[in-house]
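Summary of structural features
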Amino acid sequence: MINVTVWNENYHETHNEHVRSIFPRGIHGCIAEILAEEPDTFNVRTATLGDPDQGLSDEVLNNTDVLIWWGHLLHEHVSNEIVRKIRHRVYREGMGFVALHSAHMSKPFRSIVGTDGSLLWGDNQLEIVWNVLPAHPIAEGIPQYFMLESEEMYGEPFNIPQPDELVFISWFKHGNVFRSGCCYYRGVGKVFYFQPGHETERSYYDPNVRRIIRNAARWAAPHKFMPGLPAETDYVRPIV
Ligand code: ZN
């Protein structure tokens, strides 16, 4: 079994009725339900910024194989100490990290991959997600392309390191393109960034998006025999 912790800042759902109507159990609750579709594979728990220890006590982190992250407005509220612990878990102990949508600007994502994650963005519009690496485990069962009727436009340039594996590229109706599914290897850990998931859209109810999130959690899980790395090794210059 893969122990997955779904972390969410849980701001929009608690401050906006429209968002709450789309995600009555929170975005974290919705993501947890996606994983719960494979009960023999995933043990899922949720954590939010408002929980004690911001939801990520040592006990939780040390028992998390894959951490899925959704944040948007409250990135700076996440403590640097927790970010350092997350990075350590990824680099040295192989915890997987999956950054969703606006987590491109989250402290842990930026700290793990090493750039500031800035990008171009614009109005919500039709998106086509192209599967450009069909043999990749995260693309398993995903067609050549699929459409999201309305999603927030994220465009290039996207200030990330060149992905180690680029699985999805998106096209938006007004002409922008975006590297929407990016894999990284950091230390002994694996990282995946996936773009869909604006809080006022319903992308997390799309069957392809749901499958990609499950595939990503499975891919990012550490090998059970993972040996430790030298404690002082830093593979990427930390941002925080
Ligand atoms: Zn958004």
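Preceding this paragraph is the structure being described.
Nothing here was measured: the structure is a model prediction, and the numbers come from that model. (Residues numbered from 1 in each chain as written. Predicted model: local features only at pLDDT ≥ 70, side-chain atom pairs only at ≥ 80, totals over all residues. Heavy atoms only, no water.)

Looking now at the side chain of Glu201. Among the secondary structure elements, Glu201 is positioned in the loop between strand E9 (189-194) and helix H7 (207-220). Although Glu201 is buried, it makes no salt bridge; Arg202 carries the closest opposite charge, 7.9 Å away. In this structure the side chain of Glu201 is engaged in a polar contact, spanning 2.7 Å, whose partner is the side chain of Asn124. Ignoring anything within four residues of it in the chain, the contact list for Glu201 reads Ile22, Phe23, Asn124, Ser150 and Glu151. (Helix = DSSP H or I, 4+ residues; strand = E, 2+ residues; numbered from the N terminus. Buried < 20%, exposed > 50% of the residue type's maximum accessible area, 1.4 Å probe, protein only. Lys, Arg positive; Asp, Glu negative; His and termini not counted. Salt bridge = Lys/Arg side-chain N within 4 Å of Asp/Glu carboxyl O. Polar contact = N/O pair within 3.5 Å; in protein donor to acceptor, adjacent residues only side chain to side chain. Contact = heavy atoms within 4.5 Å.)

With that settled, consider the nonpolar core. In this structure, Ile31, Phe168, Phe192 and Tyr204 are the most contacted members of the largest nonpolar core, which totals 37 residues. Counting residues per element, this core draws most heavily on H7, which supplies 7 residues. In this view, Ile31 contacts Val6, Ile68, Leu100, Tyr204 and Ile213; residues no more than four positions away in its chain are not counted. Formed by 33 residues, the second largest nonpolar core is a distinct cluster that contains Leu49, Phe109, Ile112 and Leu119. (Core = buried A, V, L, I, M, F, W, Y, C linked by side-chain atoms within 4.5 Å.)

In this section: the pattern of salt bridges. The full count for this structure, using the stated rule, is 12 salt bridges. We note a salt bridge from Glu38 to Arg214, for which the minimum N-O separation is 3.2 Å. Of this pair, Glu38 sits in the loop between helix H3 (26-36) and strand E2 (42-48) while Arg214 sits in helix H7, and the two are 176 residues apart along the sequence. Residue Arg214 is classed as buried on the basis of its relative accessible area of 10%. A salt bridge links Glu93 to Arg89; the shortest N-O distance between them is 2.8 Å. With Glu93 and Arg89 both in helix H5 (residues 80-93), this residue pair falls 4 residues apart, about one helical turn. Its relative accessible area of 34% is what places Glu93 among the partly exposed residues. Taken together, the shared-partner salt bridges connect Glu37, Glu38, Arg210, Arg214 and Arg218 into one network.

Before going further, it helps to examine the coordination of the zinc ion. Perfect tetrahedral coordination of a metal by four donors corresponds to 109.5 degrees between them, and perfect octahedral coordination by six donors corresponds to 90 or 180 degrees. Protein coordination of the zinc ion is provided by His101 (NE2), Glu152 (OE) and His198 (ND1), with donor distances spanning 2.0 to 2.1 Å. The motif formed by the donor residues of the zinc ion, counted along the single chain, is H-x50-E-x45-H. With His101 in the loop between strand E4 (96-100) and helix H6 (107-113) and His198 in the loop between E9 and H7, this residue pair connects regions lying 97 residues apart in the sequence. Both residues of the pair, His101 and His198, count as buried. (Donors = N, O, S within 2.8 Å, 3.2 Å for Na, K, Ca; no water.)

Time to look at H7. Given 3.6 residues to a turn, an α-helix orients residues that are three or four positions apart in the same direction. With 14 residues, H7 should cover 20 Å at 1.5 Å per step; its first-to-last C-alpha distance of 20 Å lies within 8% of that length. For H7, the buried fraction is high: 11 of the 14 residues fall into the buried class. Within the span of H7, buried status applies to Asn208, Val209, Arg210, Ile212, Ile213, Arg214, Asn215, Ala216, Ala217, Trp219 and Ala220. For H7, the side-chain oxygen to backbone nitrogen distance between the N-cap and Asn208 is 2.9 Å, and the N-cap itself is Asp206. (Expected span 1.5 Å × (residues − 1).)

Bridge count between strand E5 (residues 120-131) and strand E7 (residues 165-172): 5 bridges; the pairing is antiparallel. Considered in E7, the bridge of Glu127 is made with Phe172. In terms of strand pairing, E7 meets strand E8 (residues 177-186) through 6 bridges, oriented antiparallel. Looking at the pairing, Trp171 lines up with Val177 of E8. The turn joining E7 and E8, which pair antiparallel and follow one another in sequence, is formed by 4 residues; a positive phi near 115° is taken by Gly175. (Pairing = 2+ DSSP bridges.)

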